[in-house]
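Each chain, written out:
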Amino acid sequence: MRQKETVSAFQMSMLFLSYGTGSAIINIPAPLTGAARNGAWISIVLSCIMGMLLLAIVMYMHRRYPDLDFIQYGEKTLGKWLMFLIAIPYLCSIFFMLALIVIDIGTFFNSTMLKETNSDVIRALFFLLAAVTARGGIEVMVRMFVLLLLSTLVFITIVWCMAAPNYHPQFLLPLMPDGIKPILHGTYIAYGFPFAEVSLFAMLLPYVRDKDKKSLHKPMFAALLVNGLTLLISVICTIMAEGSLAGELKYSLYQLARLISIQEIFERVESVIGFSLIILSYMKATIVLYILSKVLTRWAKVRNEQLLIFPVAFVCLLLSFTMYENEPDFVEAVSVIWPLLNNVAFNLPLLLIAAVTLVKRFTLRLRR
């Protein structure tokens, strides 16, 4: 029997940062700026605060049930049959989420770096790579991802700095030319992706070592803050560099890297940032695949958590081939449907379980 894997609080927070930053840094700046315009950075701040509140609920439930994941303490709180019904949309949404991530990777490649390569081949290779990595277990994932995450963040920071000659701070004004409504629209987009996905990480928190469980909340909140700060700086930099076009150009950070030209020495660095963004998406896809296989094993009462990884990856690959026939439908799904689905499938069950837990705890206190 395989020994239970464990990670430190710092490693879990780095895994959480990889998951939160992931594909969001590729996709968020453009639609967010298109919706909220110059006030897009305000939307990031508001959505990050909402993500903090959601993470606080996740951490509260983890303190109450430190050795149980979301499915397990949901069964203990609501009962097996009610949790079984709740797990159906929860599970389907994770399938949908994983397919979306890999579809986006294929679209990014076809739009920027490998325009002549068939996107189906790219998706198949990414699912294979994600499945092999997830099959290695959470300890292997976190050791690999810490190095990859730090490298990508360094490259992104270098791009922010090297693009400084193209910044025009006046593009940030006027702050809210169309009032508060666009800001709220942008908050809906940014909250739905990635901050509303925080609750999904409740499946992995039991892997934290017992001695680190009490101190886990600090690095987790720090990771979410770094995630929000990364998105905030990316949005501000793209607005200052691209002005009114920031909401029209896809993959804003990649387009920002294309503007870099320093004394004809540093040019065409977008390939570096392109691969960095792809690595971030790969890490998120791997984490989501691992969570999905874990939910399925809990749901189906299978003991071997690695058994279903390759079949699940294959099903998601087929799903990615058939989900969307054109890119506008995909963009609508990410910016309109996905935020709503996140709240219904992921967050409402978490809030329900937390509310029932609080009521039971309060009732016990009254009886005493």
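Structure: above.
Counting starts from 1 at the beginning of each chain's written sequence and moves along it residue by residue. Two thresholds apply to this predicted model, a pLDDT of at least 70 for residue-level local features and 80 or more for giving and counting side-chain atom pairs, whereas whole-chain, interface and lining totals are computed over all residues. Values shown for side chains rest on all heavy atoms present in the structure; no hydrogens or waters enter the calculation.

## Quick look at the packing of aromatic side chains
Note the cut-off: Paired rings are identified among Phe, Tyr and Trp, the last through its six-membered ring, by centres lying within 6.5 Å, and are further divided according to the angle between planes into stacked (under 30 degrees), edge-to-face (over 60) and tilted (the rest). The helix and strand labels rest on DSSP assignments: H or I over at least four residues marks a helix, E over at least two residues marks a strand, and numbering proceeds from the N terminus.
The tally for this structure, following the rule as stated, stands at 13 aromatic pairs. Their ring planes at 80° and their centres at 5.9 Å tell us that F145 and Y282 sit as a pair that is edge-to-face. One end of the pair, F145, is in helix α8 (residues 138-162); the other, Y282, is in helix α12 (residues 270-300), with 137 residues separating them in the sequence. Taking 6.2 Å as the distance between ring centres and 55° as the angle between the ring planes, the aromatic pair formed by Y207 and Y290 counts as tilted.

## Remarks on α8
What counts is decided by this rule: An expected span of 1.5 Å times one less than the residue number is assigned to each helix. At every residue, the bend is computed as the angle between two fitted axes, covering the seven residues ending there and the seven beginning there respectively.
Helix length check: α8 (25 residues) gives 35 Å between terminal C-alpha atoms against 36 Å at 1.5 Å per residue, within 8%. Along α8, the sharpest change in direction is near 25° and occurs at F145.

## Some words on the nonpolar core
In plain terms, the rule: Nine residue types can take part in a nonpolar core, namely buried Ala, Val, Leu, Ile, Met, Phe, Trp, Tyr and Cys, and a core is a set of them joined through side-chain atoms within 4.5 Å. Relative accessibility decides the category of a residue: with a 1.4 Å probe and only protein chains considered, values under 20% of the type maximum give buried, values over 50% give exposed, and everything between is partly exposed. Throughout, a residue-residue contact means that at least one pair of heavy atoms, one from each residue, lies within 4.5 Å.
Ranked by size, the top nonpolar core spans 130 residues in total, and within it M12, F70, F201 and L204 carry the most contacts. The dominant element in this core, judged by the number of residues it contributes, is helix α6 (residues 80-113), at 16 residues. If near-sequence neighbours (up to four positions away) are discounted, M12 is found in contact with V7, I138, F201, L204, L205, Y207, V208, L216 and M220.

## What to know about the pattern of salt bridges
For the record, the criterion: What counts as a salt bridge is simple: a side-chain nitrogen of Lys or Arg found within 4 Å of a carboxyl oxygen of Asp or Glu.
Applying the stated criterion to the full structure yields five salt bridges. Across the pair D69 and K294 runs a salt bridge, and its minimum N-O distance is 3.8 Å. Of this pair, D69 sits in the loop between α4 (40-64) and α5 (70-78) while K294 is found in helix α12, placing the two residues 225 residues apart along the sequence. A single burial state applies to D69 and to K294, both of which are buried. In the salt-bridge network here, residues are joined through shared partners; they are D69, K294 and R298.

## Concerning the packing of helix α1 (residues 9-21) against helix α10 (residues 217-242)
Packed helices, taken two at a time, are described by the angle their axes make and the gap between the axes. The following threshold applies: Under this scheme, a helix contributes an axis fitted over its contacting stretch, all axes are lines through C-alpha atoms, and angles between N-to-C directions fall in the 0 to 180 degree range. An angle counts as roughly parallel when it lies under 35 degrees, as roughly antiparallel when it exceeds 145, as roughly perpendicular when it falls between 65 and 115, and as oblique in every other case. Helix crossings get a hand from a simple test, with the near helix turned counterclockwise from the far one by less than a right angle marking a left-handed crossing and a clockwise turn marking a right-handed one. Each residue receives one of three labels: charged for Asp, Glu, Lys and Arg, nonpolar for Ala, Val, Leu, Ile, Met, Phe, Trp, Tyr, Cys and Pro, and polar for the others, Gly being one of them.
Between α1 and α10, the shortest axis-to-axis distance is 9 Å and the interhelical angle comes to 25°. Taken as axis vectors, α1 and α10 run roughly parallel relative to one another. When you trace α1 past α10, the crossing you get is right-handed. Each of A9, M12, S13, F16, L17, G20 and T21 in α1 lies in contact with α10, whose residues at this interface are P219, M220, A223, L224, V226 and N227. Within the contact of α1 with α10, the residues separate by chemical class into nine nonpolar, four polar and no charged.

## Focus on α5
Let me state the cut-off plainly: Any N or O atom pair separated by 3.5 Å or less is treated as a polar contact, with the protein-specific requirement of one donor-capable and one acceptor-capable atom, and with residues adjacent in sequence counted only for side-chain atom pairs.
The buried fraction of α5 amounts to seven of the nine residues, a majority that puts the element mostly inside the structure. Regarding α5, the residues found buried are F70, I71, Y73, G74, E75, T77 and L78. Here α5 starts with a cap whose side-chain oxygen sits 3.2 Å from the backbone nitrogen of I71, and that cap is D69. Positioned one or two residues after α5, G79 has a phi angle of 100°, which is positive.

## Thoughts on the environment of I44
Within the secondary structure, I44 sits in helix α4. On the accessibility criterion, I44 (1% relative accessible area) is buried. Through-space distance from the C-alpha of I44 to that of I262 is 31 Å; in sequence the pair is 218 residues apart. In this structure, I44 is in contact with I28, L32, A190, F195, G228, L231, L232 and V235, ignoring residues within four places of it in sequence.

## Topic: the packing of α6 against helix α13 (residues 309-322)
Between α6 and α13, whose axes approach to 9 Å, the crossing angle comes to 65°. α6 and α13 meet at a crossing whose hand is right-handed. For the pair formed by α6 and α13, the contact residues are F95, F96, L98, A99 and I103 on the first element and V312, V315, C316, L319 and S320 on the second. Here the residues of the contact of α6 with α13 are counted per class, giving nine nonpolar, one polar and no charged.

## Notes on the state of the cysteines
What counts is decided by this rule: The disulfide definition used here is simple: a pair of cysteine sulfur atoms within 2.5 Å.
Tallied over the full model, the rule gives zero disulfides. C316 supplies the cysteine sulfur nearest to C92, a cysteine that is in no disulfide, at a spacing of 11 Å. Here C237 stays free of any disulfide, with the sulfur of C161 as its closest cysteine sulfur at 8.4 Å. On the basis of relative accessibility, which here comes to 7%, the residue C237 falls in the buried class.

## A look at a nonpolar patch on the surface
Rules: Patches here: salt-bridge-free residues with over 30% relative accessible area, like charges joined within 9 Å, nonpolar side chains (Val, Leu, Ile, Met, Phe, Trp, Tyr) joined within 5 Å. Surface accessibility follows the Shrake-Rupley procedure with a 1.4 Å probe radius. Residue values consider only the protein chains on display as shielding.
Together, W81, L82, F84, L85 and I88 make up an exposed nonpolar region whose accessible area comes to about 540 Å². Tracing the backbone through its elements, the reader meets W81 in helix α6.

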